[in-house]
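Overview (structure and organization)
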Amino acid sequence: MHGFIPGCSFSKRYLFFLFLLMLSFQCSIRPQHRPFAAIPESKKFTFRCTWIRCMGDCAINNFTFQERVFRIMGRLSIGIDLGGTYIKAGVITDQGNAVRQWKIPTEGQQGGPVVVQRMSDLIAEILESPEVASKKASVVGIGIGSPGLVDQKAGTITRPVNIPNWEDAVPIKKIFEKRHRLPVFVDNDANACGLGEACFGAGRGKSVVVALTLGTGVGGAIVVDGKVFHGAKGYAGELGHTCVDPEGPPCACGSLGCIEGYASANAIARYATELVAQGRHKSWLVDWSRDGTPITSKMVYEAALKEDSLALRVISRAGQYLGVAVSNFCVALNPEVVVIGGGASAMGDLLFDHVRREIDMRVYFSPYYTTPVCRAQLGEDAGFTGAACLALSGEN
């Protein structure tokens, strides 16, 4: 019987094998195709036997049985967050811990082909790093979060923002899988951030999470049971383009009155600038911008902390419109939590209290269930953490 299990002595490993077999009836190799820590407490693992799959992996991939056991019990994944300025990456455990992080300039001005090569070379560097090289058998895949048009099924990225010479759909999944011999999963950056927060951030353990990012625009994601909800054709979750005023300002998407035009960091700064330009208000913002310094959402927040009436008015307006949008999300989706990140989220309860007030007033079930609204927890790590979750969950 010696050698019955590759890399093991039957006489020495028999009891361990029986233990593993019993354990495998209680949890699958990839429980419900979600990161382990993301599964709500109310959900239980399905009872499936996985030891045959272990043996198959040993035979196909030339793993020892011990390596396959490590692959089950301590999975790792690589997350890539493609930004206009930096490419950020991290190796994440299935408990959400970052083993190590990387950050390199995107060099987008050199064009799409160079950026793709830089991402691929970074992945190669990660796989050969001391933290990963000895544990390659435990790496389940690579996840990529990117701006632009992303086809999750085909694994292509088209026209990411701020990267010239990238007009056509680039088959990132195919290119990287061929070089690195690992499954590759792609999604847009807002979905990746939302998934990161749902799995390992402010939405951890929640079954339905709505995530918003208030930055240059307003990004959004809907996460249900640890997986991004993409809708019938992959277009769901563009929450920033929810209309809150049919006669509002034009949006880059072609519509009018999108929440992005009211509650993004840029929109907050723009409205404050308009009020200051009227010349009728006394405000710290007037003084701070007198030398031509552009007003930012951070400046609005700092002025509001000084009880500046103009800044408080700007934040109140943004919070009201954001609350209208979030109320609609609550009625449609009944999320367990709404998580808000991005630069403007630093305003915290100065902004969120207006959102909560709108929810209480507009959501019909508010007397029975109040949807929590909280700030995102992962910060700049949300992108690569969520991208890594794509691989941990087999998202595509």
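A brief report on the enclosed structure follows. None of the values given here were measured: they were computed from a predicted structure. Along each chain, numbering runs from 1 in the same order as the chain's sequence is written. Local features in this predicted model are restricted to residues whose pLDDT is 70 or higher, and side-chain atom pairs enter the listing and the counts only when it is 80 or higher, whereas totals over whole chains, interfaces and linings include all residues. Excluded from the side-chain calculations are hydrogens and water; all other atoms, namely the structure's heavy atoms, are used.

A few points about the nonpolar core
- Core analysis: the biggest nonpolar cluster contains 45 residues, and L285, V300, L322 and V326 have the highest contact counts within it.
- Strands are runs of DSSP state E lasting at least two residues, helices are runs of H or I lasting at least four, and both sets are numbered from the N terminus onward. By residue number, the principal contributor to this core is helix 12 (residues 309–333), which donates eleven residues. Residues grouped as a nonpolar core are buried Ala, Val, Leu, Ile, Met, Phe, Trp, Tyr and Cys residues, joined through side-chain atoms within 4.5 Å. The cut-offs for exposure are 20% and 50% of the maximum accessible area for each residue type, with area from a 1.4 Å probe on protein chains only; residues under the lower value are buried, those over the upper are exposed, and the others partly exposed.

Some details on the sheet that holds strand 4 (residues 139–146)
- Whether two strands pair depends on DSSP finding at least two bridges between them. The strand order across the open sheet formed by five strands is 3-2-1-4-7, and the pairing between neighbours is mixed. Each edge of the open sheet carries a strand with a single partner, namely strand 3 (98–105) and strand 7 (184–188). Pairwise comparison of adjacent strand axes, ignoring direction, gives a mean angle of 15° for this sheet.
- For strand 2 (residues 86–93) and strand 3, the ladder comprises seven bridges, and the chain directions are antiparallel. In the strand pairing of strand 3, I87 is matched with I104. For every element, the axis is a line fit to its C-alpha atoms; helices are fit only across the contacting stretch, and the angle between N-to-C directions ranges from 0 to 180 degrees.

A look at the sheet that holds strand 11 (residues 337–341)
- Strand order across the open sheet formed by five strands is 10-9-8-11-12, with mixed pairing between neighbours. Each having just a single partner strand, strand 10 (227–228) and strand 12 (373–375) make up the two edges of the open sheet.
- Of the strand pairs in this sheet, strand 9 (residues 218–224) and strand 10 are connected by two bridges, and their pairing is antiparallel. Among the inter-strand pairings, V223 is bridged to a residue of strand 10, identified as V228.
- Any two residues whose heavy atoms approach within 4.5 Å at even a single point are treated as in contact. Across the sheet, helix 13 (residues 349–362) lies against strand 8 (208–214), strand 11 and strand 12, angled at about 165° from strand 12, the strand it touches most.

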